[in-house]
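As a plain string of letters, each chain reads:
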Amino acid sequence: MTAAFILGINMFVAGIFAVAFAVVAATNRTARGAWWIALGYGMGIVNVGLEFLLTRQVDPAPVGIAIFLVFLLALSFALIGVSHHYRAAPPWIAMAAIWVLTIVAVPVIFSMTYGTTPRLMLYQLPYFAMQSLFVLVIWRSGRHQALDLVLIFLQGAAATLYLVKPLIAATVGAASRPQGYMSTTYAAISQSAGVVILIAIALVFLLVMMRDTTAEMVARSETDPLSSVLNRRGFEHHAELAFIRGEVAVLIVADLDHFKKINDSFGHAAGDGVIAHFAAMLVDAAPPNAIVGRIGGEEFAALLPDALLSDGRLYAETVRAAFASARLPVLGVDRGFTASFGVAQRTSDNSLFELSRRADAALYRAKAAGRNQVRVALGEMPPMPAVGVA
């Protein structure tokens, strides 16, 4: 009766988490894999239902085989969901190998004497193998934050439990026939351990999904949808964080030349295409730790942490030359465009506002000198008045 009660709890818990992950999937498009996780827990409900059905069978083999395979299917669905969430390809080959070997082993397993240690070992091996793949997928994703490590630990514990179950059965005793499984102490221990790990894994994975969803929402709020670089808010936030981490940095500000004429002559769609191409060039030429943002309509900024003024000038010249020489067939506009740049080195007491003011002063000088140029702020430079149109 105790094991039956715990199995009932398992069914209830599986149902709760199946609904929870289904709701997450239905309400949040960024929750990758949630539908698969929900399907996995849904199969868990079917598995427990079959356990109750088994007690009433004269011939336990068909239902017993169904229980064996349905639980492996539940693990497979959950593994696909976890893989999708961690943006990794599900380990299809390994999964297929486990399934092929499991199906081949079914006649062997169910011809062995019920309750014996060899049978229990062979019965649990597919579950151990499939559960171990969870650990591999999460670890190889490269995401090793605290919650990810906790999830890896719990998945490893779940895999280990499958290997320990035959030892538990050998110690406390197992039933002599499948219909008597629920009346054994082994069943009570096995199901109790299973429900604890079931709840822990589900809760931690829900926290992982909440964390990642929040991070994606923040990233979207800080990203300019047209250029795919940071917007002004995002740029200032990440630049301030970079200032906290280190004092040395170079700021490059850029402005597309005669941008109003581009819009007036070719239309705003063409202007949007030019902005997107220019942003891509800024990102492609930037070092990995650079912070690139669109801070205005046709105005951009790039902060290079741990860089010197010469590094900033070289970066600006590289982008300027590449942009000026490129022919961008944007909506039928096959012609070149140019941009002007201002570069300033941060000193230890410079705020982002002060550094931006100096870089802007250098940019105005580049505009005044004829555009399509790079100017450097060597010291405090009085700002120049704005020059005509952009």
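Residues numbered from 1 in each chain as written. Predicted model: local features only at pLDDT ≥ 70, side-chain atom pairs only at ≥ 80, totals over all residues. Heavy atoms only, no water.

Trainee: How would you summarise the side chain of Asp148 if you had to cite specific residues and measurements?
Mentor: Within the secondary structure, Asp148 sits in helix α6 (residues 146-172). Exposure remark for Asp148: the relative accessible area of 0% places this residue in the buried category. With sequence-adjacent residues up to four places away left out, Asp148 is seen in contact with Tyr86, Ile138, Arg143, Val208 and Arg211. (Helix = DSSP H or I, 4+ residues; strand = E, 2+ residues; numbered from the N terminus. Buried < 20%, exposed > 50% of the residue type's maximum accessible area, 1.4 Å probe, protein only. Contact = heavy atoms within 4.5 Å.)

Trainee: Got a sec to walk through the environment of Arg29? Specific residues and values, please.
Mentor: With respect to the helices and strands, the residue Arg29 is situated in the loop between α1 (2-27) and α2 (34-54). Judged by its relative accessible area of 87%, Arg29 falls in the exposed class. For the pair Arg29 and Ile103, spaced 74 residues apart in the sequence, the C-alpha separation amounts to 35 Å.

Trainee: So what's going on with unusual backbone geometry? Which residues, and what values?
Mentor: With a phi angle near 65°, Ser228 is a residue other than glycine that sits in the positive phi range. You can see Ser228 is positioned in the loop between α7 (185-221) and α8 (232-245). With a phi angle near 60°, Asp306 is a residue other than glycine that sits in the positive phi range. With respect to the helices and strands, Asp306 occurs in the loop between β3 (299-305) and α11 (309-325).

Trainee: Break down the pairing of strand β1 (residues 249-256) for me, citing the residues and quoting the values.
Mentor: The buried count for β1 comes to eight of eight residues, which makes it a mostly enclosed element. Every second residue of β1 is oriented toward a common face, with Ala249, Leu251, Val253 and Asp255 on one face and Val250, Ile252, Ala254 and Leu256 on the other, all of them buried. The pairing of β1 with β3 spans seven bridges and is antiparallel. Counterpart to Val250 in the pairing with β3 is Leu304. Pairing of β1 with strand β6 (residues 339-345), which is carried by seven bridges, proceeds in the antiparallel orientation. Within β6, the residue paired with Leu256 across the bridge is Ala339. (Pairing = 2+ DSSP bridges.)

Trainee: Let's hear about the packing of aromatic side chains: which residues, and what values?
Mentor: Aromatic rings considered in pairs are described by the distance between their centres and by the relative angle of their planes. The tally for this structure, following the rule as stated, stands at 16 aromatic pairs. Look at Tyr123 and Tyr127: their rings are 5.9 Å apart centre to centre, the planes differ by 85°, and that puts the pair in the edge-to-face class. Highlighted residues: Tyr123 and Tyr127, both in helix α5 (residues 117-140), separated by four residues, approximately one helical turn. Note on accessibility: Tyr123 and Tyr127 belong to one class, buried. When the ring of Phe278 is compared with that of Phe323, the centres are 4.8 Å apart and the planes differ by 65°; the resulting orientation is edge-to-face. Here Phe278, found in helix α10 (residues 268-285), pairs with Phe323, found in helix α11; they are 45 residues apart in sequence, far enough to count as distant. When its relative accessible area of 0% is taken as the criterion, Phe278 is described as buried. By the ring-pair criterion, three or more aromatic residues cluster together here, those being Phe68, Phe71, Phe110, Tyr123, Tyr127 and Tyr162. The ring of Phe110 has Arg119 sitting right over it, with the charged end atom 5.0 Å from the ring centre. (Phe/Tyr/Trp six-rings, centres within 6.5 Å; stacked < 30°, edge-to-face > 60°. Lys NZ or Arg CZ within 6 Å of the ring centre and 35° of its normal.)

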